[in-house]
Amino acid sequence: MLARVGALRPALPLLFAAAVASSLAASACGRSDDAAPARDKLKSGEALYAQMCKSCHGARGEGGRGPTLRDLARPEPALAGFIDAEMPLGEPDRCRGTCAEDIAAYILAAFRGPIVCEAPPPLARGLRLLTRREYRATVADLLGIDPGAAGSTGPAKPACGTHTFDFDAKGRTLRSVHVAGSFNGWAGTVAAGGWPLTQSAGKWTLTRAVPTGKHTYKLVLDEGEWIADPANAATEPDGFGGNNSVLDVAPCPPAGGATGGSTALLDATGGLPSDTRPEGFLFDDHGPGRVVTAVLAGEQLRAARALAELVDPAKLAGCDPVADRAACTGKLVRDLGTRAFRRPLSDAEIARYVAIGAQGDFAAGGRNAIAAMLASPSFLYRSEVGERQPDGTFRLTPWETASALSYFLWGSMPDAELFDAARSGELAAPATIEKQARRLLAHPRARAQIAAWADQWLGGENVGELVKSEAFPFDPAVRAAMREETRAFVTHVVFDGSHRVDELFNAPYTFLNEALAKHYGIDGVRGPEMRKVAYTDGSRAGVLGHGSLLATTGHSDQTSPIRRGLFVRRRLLCQEFAPPPPNAGGVPKVDPTATTRERFAQHTSNPFCKSCHQYIDGVGFGFERFDTVGRPRDGEVGKPIDARGDMNDIEGFGTKTSAPFETLADLGKILGASGAGRACVVKQTWRFARGVTEDDICSVMPVEKAFVDKGGDLRELLVAITQAPDFTVRK
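Note that the coordinates shown come from a computational prediction; the quantities given were computed from them, not determined experimentally. (Residues numbered from 1 in each chain as written. Predicted model: local features only at pLDDT ≥ 70, side-chain atom pairs only at ≥ 80, totals over all residues. Heavy atoms only, no water.)

1. Thoughts on the packing of aromatic side chains
For step 1, the next point in the chain: Counting across every chain of the model gives 17 aromatic pairs.
For step 2, the next point in the chain: Where Tyr 135 meets Phe 379, the ring centres are 5.7 Å apart and the plane angle is 75 degrees; that geometry is what we call edge-to-face. Here the residue Tyr 135 occupies a position in helix α5 (residues 132–143), and Phe 379 occupies one in helix α12 (residues 377–380), the gap between them amounting to 244 residues.
For step 3, the next point in the chain: Tyr 135 sits in the buried class, given a relative accessible area of 3%. (Phe/Tyr/Trp six-rings, centres within 6.5 Å; stacked < 30°, edge-to-face > 60°. Helix = DSSP H or I, 4+ residues; strand = E, 2+ residues; numbered from the N terminus. Buried < 20%, exposed > 50% of the residue type's maximum accessible area, 1.4 Å probe, protein only.)

Here you go:
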């Protein structure tokens, strides 16, 4: 994984002089040991490079947070002298003398010519915890429960197991209101897990699934002022001279059958906490970073019991327990267990769950056995352990391969056909994997999975929790439509449109309903359903014009060229920056006589700021024709908007290129034609599939080549990811 990088310091020189642009980050490193009298210079340099430079410049010098180091036209003494004086950025005293000499020698010897990848490096073996999204989909498929509200992209409706928190600010201006209580660890901030309320017309509200039982909580205003809920008369002393509000949530009644109710799944799983994501990883399925906390373990156990109460074990097993109780219990355990664990059960496992199911009457025993299976690590984790091969690697079993396919393309457990292919051993063959991948992609369920990928990659999942000032109307119906716009657009491009990657950036259309069309100022759209609508004025293009992007990258009361520029660089081009230095300052103060562009001019006029902002602000200014909630605007503080921009160094920092543009449509064409944009889509899809960030460019280069060979077809990209050797091979 990439190491955390240090901050930039003022007036940084260009990395390796004119040959390379300024490096944008420093990696954590230690001082070298120069004591050995007989040193292998290149071997030492390789180890030091991996320790100090790889996280910025790539394992093969391909560039990343820092510029490429390949084919440098620089004499070794000069390069060593520069490293000695300047590297690592901000901490040059950590690599002096022979350390700098060895790294310079290694760079110049190793990074010559084009990168050649013999095969993707295998990923690590391990177990991947089901995400909350995957958990819900899996139990719905396993138990035959209607997903209902759990699959909705709009605001949840009040239902059994949910509670609506309301707060009237009574004219008071607040930046945020969130709920903190015993159900979320008394989170002091939203980032720490607090439940944010959304504002509309001065009132704040949140409808949220709350675990069964008694809870205490408070409302937190502006992440600093803690108060009891004025709308809830039930309180108890908090031990500090004040009161906590008390909420008592009763269990939901059983649904009475295998199909459950439309909100049964949400009721049973609503307490599962959000999935943790390491910094820089956009998706909810990061394998190494997701662990079981005490809170998560408790909610998983509670959910297992609640879900078991929703089903009829006899109907689930498809047998008559009155005729033969033991045989029916055995069938329930073997059939359900194989599907729940996504592999056949061992004899010991069968005996254990049969013993649980034999206690009490059949219904009670069967539900206990089901709950025990749902609480088992074999259900909660996806196995990617594999079997040892003659070359020392491990290849996923056909059962593990079936899960890898289904969770990548459907976000849930394998279906009957995949299980049959695993049982027969057919999934050991790449041709069968490809056949099954294409079958899964042809199913409507693949659309929901690609929508989830788009939701997380492009940030639309967060639009419902944004807080905007009252000057920028942003009601829940518009927020829900913005999120659905992006989901509908991306799935259309992948499955119905040209299927080409450039259409994501430059398509002259989107999907709108009446509420969102009015918000954008577009006439002629009626009704609540999303439908394809052409842009008539050329001001928007592809995902760049979506309200979900524009709103999530704006501040509560103003636009943000920095956030919007960083969105393009990080999410659409996979170009990373170091965290800003502590003394970098914040958003320039609002000047009632100055436009946003004028206020942010200091970033490129100040050498301290310019080292990073030369790559950010010029892109972000191109979005200035849209306010912080995505509405078009022609002027600001009585002056016309200047939305000219420059997509400079698009193929990599330090390439010294310029790509001026006048509109978002122009920017979309530039992004759609760029190699970096294409490569980033490959990386983001690969990360979503693998649950990790690539640590070597050779992890994704074979997939990118297959993608290019297929003309940038996004469907073929999805298939190519399943055909790469690292889909089934582990270290």
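Still more ground to cover, so stick around.
2. Remarks on the pattern of salt bridges
For step 1, the next point in the chain: This structure, assessed with the given rule, holds 41 salt bridges.
For step 2, the next point in the chain: One salt bridge connects Lys 705 with Asp 709, and the closest N-O pair in it is separated by 2.9 Å. Remark: Asp 709 and Lys 705 occur in helix α28 (residues 701–709); sequence separation between them is four residues, near one turn of the helix.
For step 3, the next point in the chain: By relative accessible area, which is 55% here, Lys 705 ends up exposed.
For step 4, the next point in the chain: A single network of salt bridges, built from pairs that share partners, joins Arg 128, Glu 134, Asp 285, Arg 382, Glu 384 and Arg 730. (Salt bridge = Lys/Arg side-chain N within 4 Å of Asp/Glu carboxyl O.)

3. Some details on the packing of helix α13 (residues 398–409) against helix α29 (residues 714–723)
For step 1, the next point in the chain: Here α13 crosses α29 at 155 degrees, and the two axes come no closer than 11 Å. Between α13 and α29, the crossing angle belongs to the class labelled roughly antiparallel. The crossing of α13 and α29 is right-handed. For the pair α13 and α29, contact is made by Leu 405, Phe 408 and Leu 409 and by Leu 718, Ile 721 and Thr 722, respectively. (Axes fitted to C-alpha atoms, helices over the stretch in contact; angles between N-to-C directions. Parallel < 35°, antiparallel > 145°, perpendicular 65-115°, else oblique. Left-handed = near helix turned anticlockwise from the far one by under 90°. Contact = heavy atoms within 4.5 Å.)

4. Here we look at unusual backbone geometry
For step 1, the next point in the chain: A cis geometry characterises the amide bond from Met 87 onward to Pro 88, with omega recorded as -10 degrees.
For step 2, the next point in the chain: Phi is positive for Lys 170, which is not a glycine, with a value near 50 degrees.
For step 3, the next point in the chain: In this structure, Lys 170 sits in the loop between β4 (162–168) and β5 (177–181).
For step 4, the next point in the chain: Although it is not a glycine, His 499 adopts a positive phi angle of roughly 70 degrees.
For step 5, the next point in the chain: By the element assignment, His 499 lies in the loop between α17 (476–495) and α18 (501–506).
For step 6, the next point in the chain: The buried category is assigned to His 499, whose relative accessible area is 13%.

5. Looking at the sheet that holds strand β14 (residues 387–388)
For step 1, the next point in the chain: One open sheet accounts for three strands, arranged β14-β15-β22; its pairing is antiparallel. Looking at which strands have only one partner, the edges of the open sheet turn out to be β14 and β22 (729–730).
For step 2, the next point in the chain: As judged from the two bridges shared by strand β15 (residues 394–395) and β22, these two strands associate in the antiparallel manner. Paired with Arg 395 across the two strands is Val 729, which belongs to β22. (Pairing = 2+ DSSP bridges.)

6. Comments concerning helix α3 (residues 76–86)
For step 1, the next point in the chain: Buried within α3 we find Leu 79, Ala 80, Phe 82, Ile 83 and Glu 86. Buried residues of α3, seen end-on, are gathered within an arc of 160 degrees and therefore sit on one face of the element.
For step 2, the next point in the chain: Tucked into the core, α3 has its buried residues touching α4 (98–110). (Arc of directions from axis to C-beta.)

7. Here we look at the confidence of the model for the protein
For step 1, the next point in the chain: With 89% of its residues at a pLDDT of 70 or more, the protein has an overall mean of 87.
For step 2, the next point in the chain: Contacts of residues 149–160 to residues separated by more than four positions or lying in other chains number 22 contacts, the stretch itself having pLDDT below 50.
For step 3, the next point in the chain: Below pLDDT 50 for its whole length, residues 253–262 participates in 22 contacts with residues either more than four positions away or in separate chains. (pLDDT = per-residue confidence, 0-100.)

8. Some thoughts on the environment of Phe 727
For step 1, the next point in the chain: Relative to the helices and strands, Phe 727 is located in the loop between α29 and β22.
For step 2, the next point in the chain: With residues near it in sequence (within four places) discarded, Phe 727 still touches Leu 396, Ala 404, Leu 405, Ile 433, Arg 690, Ile 721 and Thr 722.

9. Quick notes on the side chain of Thr 397
For step 1, the next point in the chain: Mapped onto the secondary structure, Thr 397 falls in the loop between β15 and α13.
For step 2, the next point in the chain: Note on Thr 397: relative accessible area 16%, which makes it buried.

10. A word on the nonpolar core
For step 1, the next point in the chain: Of all hydrophobic cores here, the largest spans 114 residues; its most connected members are Leu 307, Phe 379, Val 490, Met 647 and Leu 671.
For step 2, the next point in the chain: Considering every element that reaches this core, the biggest residue donor is α13, with seven residues.
For step 3, the next point in the chain: Ignoring sequence-local partners within four residues, the contact set of Leu 307 consists of Tyr 135, Val 139, Leu 143, Ile 145, Leu 265, Ala 268, Thr 269 and Leu 374.
For step 4, the next point in the chain: With 21 residues, the next largest nonpolar core counts Phe 82, Cys 99, Ala 100 and Leu 108 among its residues. (Core = buried A, V, L, I, M, F, W, Y, C linked by side-chain atoms within 4.5 Å.)

11. Observations regarding the state of the cysteines
For step 1, the next point in the chain: Tallying each qualifying case throughout the model produces four disulfides.
For step 2, the next point in the chain: Here Cys 574 is linked by a disulfide to Cys 680, with a sulfur-sulfur distance of 2.1 Å. Because the sign of the S-S torsion sets the handedness, a value of about 80 degrees for the bond joining Cys 574 and Cys 680 places this disulfide among the right-handed ones. Of this pair, Cys 574 sits in the loop between α21 (561–572) and α22 (596–599) while Cys 680 sits in helix α27 (residues 675–690), and the two are 106 residues apart along the sequence. As far as burial versus exposure is concerned, Cys 574 and Cys 680 are alike and both buried.
For step 3, the next point in the chain: Here Cys 56 is not disulfide-linked; the sulfur of Cys 53 is the nearest cysteine sulfur, at 7.9 Å. (Disulfide = S-S within 2.5 Å.)

12. So, the side chain of Thr 138
For step 1, the next point in the chain: Relative to the helices and strands, Thr 138 resides in helix α5.
For step 2, the next point in the chain: A distance of 2.9 Å separates a polar atom in the side chain of Thr 138 from a polar atom in the side chain of Tyr 407.
For step 3, the next point in the chain: Among residues more than four places away in sequence, those in contact with Thr 138 are Leu 130, Arg 342, Phe 379, Tyr 407, Ser 412 and Met 413. (Polar contact = N/O pair within 3.5 Å; in protein donor to acceptor, adjacent residues only side chain to side chain.)

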